[in-house]
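So the chains spell out like this:
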Amino acid sequence: MQLQRPDLLRDNNYINGQWQAAASGRRFPVENPANGEKLTEVADGGTADMDAAITAADAAQAAWQSETPKTRAQILQRWYQLIIEHRRDLAAILTAEQGKVLAEADAEIGYGASYVEWFSEEAKRIDGDILAAPSRDKRLLVIKQAIGVVAAITPWNFPNAMITRKAAPALAAGCCIVIKPAHETPLSALALAALADEAGFPAGVFNVVCGTQASDIGSVMTSSPLVRKLSFTGSTRVGKILMEQCAATVKKTSMELGGNAPFIVFDDADIDAAVAGALASKYRNAGQTCICSNRILVQDGIYDAFAARFAAEVQQFRLGDGRDSDATMGPLITRQACDKVTALVDDALSKGASAITGGRRASIGEHFFEPTVLRDATPAMRVFQEEIFGPVAPLFRFEDEQQAIALANDTNYGLAAYFYTQNLNRVWRVAEALEYGIIGINEGVTSSEMAPFGGMKESGIGREGSKYGIDDYVELKYLCLGGLDN
Ligand code: SIN
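Source: prediction; values computed, not measured.

Domain boundaries in the protein define domain 1 (6-257 + 460-478) and domain 2 (261-448). Distance between the C-alpha centres of domain 1 and domain 2: 31 Å. Between domain 1 and domain 2, the contact holds 23 residues from the first and 23 residues from the second. Here domain 1 meets domain 2 over a buried area of about 1900 Å², counting both sides, of which 57% is carbon and sulfur. The largest share of the area that domain 1 buries against domain 2 comes from Pro33, Val101 and Trp156, three residues that together contribute 25% of it. Where domain 1 packs against domain 2, one counts seven residue pairs in polar contact (both at pLDDT 80 or more). When residues of the side of domain 1 that touches domain 2 are assigned to their parent elements, the largest contribution, four residues, is made by helix 4 (residues 102-122). Within the side of domain 1 that touches domain 2, the residues separate by chemical class into nine nonpolar, seven polar and seven charged.

As structure tokens, then:
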């Protein structure tokens, strides 16, 4: 890999301000999902390494927490500037290990950096409150204090931004952090650690432990009494296990879990805008985001027109290695991911759907699936209830608004939903009826550091980003000042 700063490509864990081999001495390969090429080997951290990271974070906690907000803000600002300065290298590393095309990787670095910038500013606004008192001899105050050491488990689909979205608010609030990135994409995490080191975070404040033994390492994070909060982005299945484990030490948790986003197109929608929105929301990262549209619900009157125009656009995607400048869509992360998408499509086809474009694995590599549009999908198909996490758009038909809302809410998930209409009364009715944490109205791209990201129902707990994002990393403390004589 050609980098301007080859030293951003790290292969050891970052614990207590030091680059450390795994205690076991083991290493694991990191591969490019586009072609299976081995990029490097990384220290295969285990329970001893995570334990050391937590101990270091705990030792650094008191001093970091008592730094002034301005000092924390300045170090975060430096980290932000370094990320922006080295965004080309960070994007190259991200594409090599994750597969998304370079333009998307570059956008992710900008998106990830925006959380660092935002929370560097928020660090100075973690304000308390003075409340009305019940009697004249008392004054009631509320202060916000860092919750303590934070553990973060981050996914492979956004190897940069899901780290900064957790680390930046934690660090701004005065928490030290230990991060376990997905073993498929450790290099982006280690590159961020290299820049955090350069930015000047004191030893122990920011730690990264990579490793293949995810459940063992996770158990150390969830069981340690030194860790006061766990933040996780990943599947609902794993999130539930982690929540159960955290119960033993009553940790605060933030859970960004799975989704099953409906994308509703009403007859009165601007059809071009709806096609553009569906493309953006469905095929970002080859369909591998928690907020990707999973079920496209289209009203009877425009179903055929929408299907034809949408499929024509989907045919324009060019699959390829993310480093290839012609490619507009990369591979899926693993062969198993491709197997799952294949099984979901086969299930839909066997129950009466038809593929108007795509519909099978691509011939260019075993991790590639053709960008697909399925017509005549029905709720009896697995794609109605299961998160696809691939470039497949099933189109469902509905008759009226009531039916659209019922179909949209007929799921245990509640992360993101989208709908297109030009009727203002319908905008409010539908927005209020949808049981989702994030709603795109005539808009397929909702993510921003300035907005709260998070879901309802089994899609999670807590919000990341925005002015609300710091709340997950602080404790409210109530001070009752009594004995006053006025
Ligand atoms: C995710 O898929 O978990 C994150 C997507 C986003 O932040 O836009």
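That was the structure; now back to the text.
Below, the discussion takes up the sheet that holds strand 15 (residues 372-377). With mixed pairing, seven strands are arranged side by side in an open sheet as 14-15-16-13-12-18-19. The open sheet is flanked by strand 14 (354-357) and strand 19 (438-441), the only strands paired with a single partner. With strand direction ignored, the average angle separating the axes of adjacent strands in the sheet is 25°. Of the pairings in the sheet, the one linking strand 13 (residues 293-299) to strand 16 (residues 392-398) comprises four bridges and is parallel in character. For Ile296, the partnering residue across the bridge sits in strand 16 and is Leu395. Sheet strands in contact with helix 10 (residues 303-314) are strand 12 (261-265), strand 13, strand 14, strand 15 and strand 16, and its direction is about 165° off that of strand 15.

Turning our eyes to something else, we now look at the pattern of salt bridges. Side chains bearing opposite charge may pair, as long as their charged atoms lie close to each other. Evaluation of the coordinates by the stated rule reveals 27 salt bridges. For Lys100, the salt bridge identified is with Glu108, shortest N-O distance 2.6 Å. The pair Lys100 / Glu108 is uniform in exposure class, with both members buried. In this structure, Lys166 engages Glu464 in a salt bridge whose closest nitrogen and oxygen atoms are separated by 2.8 Å. With Lys166 in helix 5 (residues 161-173) and Glu464 in the loop between strand 21 (460-461) and strand 22 (474-481), this residue pair connects regions lying 298 residues apart in the sequence. By relative accessible area, Lys166 is classed as buried at 0%. Here the salt bridges share partners, and the residues they tie into one network are Asp300, Asp304, Arg375, Asp376 and Arg397.

Turning next to the packing of aromatic side chains. A ring pair, where both rings are aromatic, is described by two values, the distance of the centres and the angle of the planes. In this structure the tally under the stated criterion is 15 aromatic pairs. Here Phe201 and Phe206 contribute two aromatic rings whose centre-to-centre distance is 6.4 Å and whose plane-to-plane angle is 20°, an arrangement assigned as stacked. For the pair Phe201 and Phe206, a shared accessibility class is recorded, and that class is buried. Taken together, the aromatic side chains of Trp64, Trp79, Phe201 and Phe206 make up a single cluster linked through ring pairs. If you follow Lys100 out to its NZ or CZ, it ends over the ring of Phe158, 3.9 Å from the centre. Seen from the ring of Phe384, Arg295 lies directly overhead, with NZ or CZ sitting 4.7 Å from the centre.

A general tendency of soluble globular proteins is for nonpolar side chains to be buried together. Grouped together as the largest cluster of nonpolar side chains are 88 residues, with contacts concentrated most on Trp79, Leu171, Phe201 and Phe206. Broken down by element, the residue count for this core peaks at 10 residues, all from helix 6 (residues 186-199). Residues Val275, Cys290, Val383 and Leu407 belong to the second largest nonpolar core, which totals 67 residues.

With that settled, consider the pairing of strand 10 (residues 227-233). Successive residues of a regular strand alternate their side chains across the two faces of the sheet. For strand 10, the tally of buried residues reaches six of seven residues, placing the bulk of the element in the interior. Across five bridges, the pairing between strand 7 (residues 149-154) and strand 10 is parallel. Paired with Ile153 across the bridge in strand 10 is Phe232. The pairing of strand 10 with strand 11 (residues 252-256) spans five bridges and is classified as parallel. Opposite Lys229, over in strand 11, you have Lys252 as the bridge partner. Where the polypeptide runs from strand 10 across helix 8 (residues 236-247) and back to strand 11, its parallel neighbour, the crossover connection is right-handed.

So, about the site of the ligand. By nearness alone, every residue bordering the ligand is listed as Tyr111, Asn157, Phe158, Met162, Arg165, Thr233, Arg284, Thr289, Cys290, Ile291, Ser447 and Phe453. Asn157 places a side-chain nitrogen or oxygen 3.3 Å from an oxygen atom of the ligand. Take Arg284: an N or O atom from its side chain is 2.9 Å from an oxygen atom of the ligand. Here the ligand has 260 Å² of accessible area as a free molecule, and 100% of this is covered by the chains. Shared between two domains, the shell around the ligand holds at least three residues of each, these being domain 1 (6-257 + 460-478) and domain 2 (261-448).

To continue, consider the environment of Glu198. Mapped onto the secondary structure, Glu198 falls in helix 6. For Glu198, a relative accessible area of 38% corresponds to the partly exposed category. For the pair Glu198 and Ile75, spaced 123 residues apart in sequence, the C-alpha separation works out to 9.6 Å. Not counting residues up to four positions away in its chain, the partners in contact with Glu198 are Arg5 and Leu82.

Criteria and thresholds
- Residues numbered from 1 in each chain as written.
- Predicted model: local features only at pLDDT ≥ 70, side-chain atom pairs only at ≥ 80, totals over all residues.
- Heavy atoms only, no water.
- Domains from an automatic or database assignment.
- Contact = heavy atoms within 4.5 Å.
- Buried area = accessible area lost by both parts, 1.4 Å probe.
- Polar contact = N/O pair within 3.5 Å; in protein donor to acceptor, adjacent residues only side chain to side chain.
- Helix = DSSP H or I, 4+ residues; strand = E, 2+ residues; numbered from the N terminus.
- Nonpolar A, V, L, I, M, F, W, Y, C, P; charged D, E, K, R; others polar.
- Pairing = 2+ DSSP bridges.
- Axes fitted to C-alpha atoms, helices over the stretch in contact; angles between N-to-C directions.
- Salt bridge = Lys/Arg side-chain N within 4 Å of Asp/Glu carboxyl O.
- Buried < 20%, exposed > 50% of the residue type's maximum accessible area, 1.4 Å probe, protein only.
- Phe/Tyr/Trp six-rings, centres within 6.5 Å; stacked < 30°, edge-to-face > 60°.
- Lys NZ or Arg CZ within 6 Å of the ring centre and 35° of its normal.
- Core = buried A, V, L, I, M, F, W, Y, C linked by side-chain atoms within 4.5 Å.
- Right-handed = clockwise from strand over helix to strand, strands pointing away.
- Near = heavy atom within 4 Å.
- Areas by Shrake-Rupley, 256 points an atom, 1.4 Å probe, with all protein chains shown as cover.

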